[in-house]
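# Analysis of the macromolecular model
Residues per chain are reported as follows:
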Amino acid sequence: MDLSQLQSALASKSYEKIADICDEVMLQVEAHHFPKVASRGIVFQEEWPYAIHLLGHIYVNDLNSARFLWKSIPQGIKESRPELVAAWKIGQCLWNRDYAGVYGAIRGFEWSPEVIGLVTTFLENYTKKMFQLLTSAYSTITVADVAHFMGMSEDDATNYALQQGWTLDSSSQMLTVSKPKITTEQKLDPSKLQRLTEFVFHLEH
């Protein structure tokens, strides 16, 4: 089982390539092993880096593939690999739109050296994405709500927002959003509008 491409992607922090690499290698291994000896398939399952594979799908927000992979993993492997379960917890939070829960799922586990870079980069990107969604969805918002959806303390959330040009009314603890300048040539992507609509709905319900 040649995982050299996967190791190279991890080393170069090309995390967006991980899911495709894992999918391709898995198909090659299954095609080679399964028609021959069933026990080889078992060995393959025991050696496969499922946590990295799962996180690869989560990194590119391919939650359908992440769910499919999770369902295909033997129960015994799930029970013996805490990191795999921790990775799936992130996927569950994303699937259920538990935006704040994603932070708890990531910070509540001590990740191995093999995946810590992938998880850390995902968290950084996720935080930026959440802030962009809040920026698009609100004109004003409480410090407490920003802290909740950014997975930060209120002080850290306030500082983060102020660094992005937002302003604070200290008496009401309300933040005023600084909207990015929009050029006349830009058009709103319909898929982005749908995601924004769903995001606001789940924030308010």
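What this report covers is the structure whose coordinates are included nearby. All figures in this text were calculated on a predicted structure; none of them were measured in a lab.

## Quick word on the overall build of the protein
Counting secondary structure elements, the protein contains 12 helices and 3 strands. A total of 205 residues make up the protein; the buried ones form 40% of that total. Residue pairs in contact within the protein that sit at least 24 positions apart in sequence constitute 61% of those at least 6 positions apart. Counting every atom, the protein has about 12,000 Å² of accessible surface; 52% of that belongs to carbon and sulfur.

## What about the packing of aromatic side chains?
One pass over the structure, following the stated rule, counts 7 aromatic pairs. With a centroid separation of 5.8 Å and 65° between ring planes, the pair formed by Tyr 15 and Tyr 59 is classed as edge-to-face. Taken together, the residues span a long stretch of sequence, with Tyr 15 in the loop between α1 (4-11) and α2 (18-33) and Tyr 59 in helix α4 (residues 50-59) at a distance of 44 residues. By relative accessible area, Tyr 15 is classed as buried at 4%. Among the aromatic residues, those joined into a ring-pair cluster are Tyr 103, Phe 122 and Tyr 126. Positioned above the aromatic ring of Trp 95 is the side chain of Arg 67, whose terminal nitrogen or guanidinium carbon lies 4.1 Å from the ring centre. In this arrangement the basic side chain of Lys 78 is found over the ring face of Trp 70, its NZ or CZ atom lying 4.3 Å from the centre.

## Here's the deal with the nonpolar core
Soluble globular proteins: nonpolar side chains tend toward being buried together. Counting 61 residues, the largest nonpolar core has Ile 18, Leu 54, Ile 90, Trp 111, Phe 122 and Trp 166 as the members making the most contacts within it. With 10 residues, helix α9 (residues 113-137) is the single largest residue contributor to this core. With residues near it in sequence (within four places) discarded, Leu 54 still touches Ala 66, Leu 69, Trp 70, Leu 84, Ala 87 and Trp 88.

## Considering the packing of α4 against helix α5 (residues 63-72)
Running from N to C, α4 and α5 point in directions that differ by 160°, and their axes come no closer than 8 Å. As summarised for this structure, α4 and α5 are arranged roughly antiparallel, according to the angle between their axes. Crossing of α4 against α5: the hand is left-handed. Listed contacts from α5 to Tyr 50, His 53, Leu 54, His 57 and Ile 58 of α4 are Ser 65, Ala 66, Leu 69 and Trp 70. Looking at side-chain class alone, the contact of α4 with α5 contains 6 nonpolar, 3 polar and no charged residues.

## Details of unusual backbone geometry
The backbone of Lys 13 shows a phi angle near 60°, a positive value even though the residue is not glycine. Examined against the element boundaries, Lys 13 turns out to sit in the loop between α1 and α2. Looking at Lys 13, the relative accessible area reads 58%, which means it is exposed. A positive phi is found at Asn 61, a non-glycine position, where the angle reads about 60°.

## Thoughts on α5
Burial in α5 covers these residues: Leu 63, Ala 66, Leu 69 and Trp 70. The buried residues of α5 all sit within an arc of 120° when viewed along its axis, so they share a single face. Those residues of α5 that are exposed and angled more than 90 degrees off the buried face are Asn 64, Phe 68 and Lys 71.

## A closer look at the side chain of Glu 83
Residue position: Glu 83 is located in helix α7 (residues 82-95). Among buried Asp, Glu, Lys and Arg side chains, Glu 83 stands out as unpaired, with Arg 81 the closest opposite charge at 8.5 Å. Residues within four places of Glu 83 in sequence aside, it is in contact with Ala 51, Phe 109, Trp 111, Ser 112 and Val 115.

## Things to note about α7
Here α7 contains 14 residues, and its C-alpha end-to-end distance of 20 Å stays within 8% of the 20 Å for a straight helix at 1.5 Å per residue. Taken together, the buried positions of α7 are occupied by Glu 83, Leu 84, Ala 86, Ala 87, Trp 88, Ile 90, Gly 91, Cys 93 and Leu 94. Residues of α7 that are buried sit in contact with α4, α5, α6 (75-80), α8 (99-107) and α9. One or two steps after α7, the chain reaches Arg 97, where phi turns positive at roughly 55°.

Cut-offs used in this document
Residues numbered from 1 in each chain as written. Predicted model: local features only at pLDDT ≥ 70, side-chain atom pairs only at ≥ 80, totals over all residues. Heavy atoms only, no water. Helix = DSSP H or I, 4+ residues; strand = E, 2+ residues; numbered from the N terminus. Buried < 20%, exposed > 50% of the residue type's maximum accessible area, 1.4 Å probe, protein only. Contact = heavy atoms within 4.5 Å. Areas by Shrake-Rupley, 256 points an atom, 1.4 Å probe, with all protein chains shown as cover. Phe/Tyr/Trp six-rings, centres within 6.5 Å; stacked < 30°, edge-to-face > 60°. Lys NZ or Arg CZ within 6 Å of the ring centre and 35° of its normal. Core = buried A, V, L, I, M, F, W, Y, C linked by side-chain atoms within 4.5 Å. Axes fitted to C-alpha atoms, helices over the stretch in contact; angles between N-to-C directions. Parallel < 35°, antiparallel > 145°, perpendicular 65-115°, else oblique. Left-handed = near helix turned anticlockwise from the far one by under 90°. Nonpolar A, V, L, I, M, F, W, Y, C, P; charged D, E, K, R; others polar. Arc of directions from axis to C-beta. Lys, Arg positive; Asp, Glu negative; His and termini not counted. Salt bridge = Lys/Arg side-chain N within 4 Å of Asp/Glu carboxyl O. Expected span 1.5 Å × (residues − 1).

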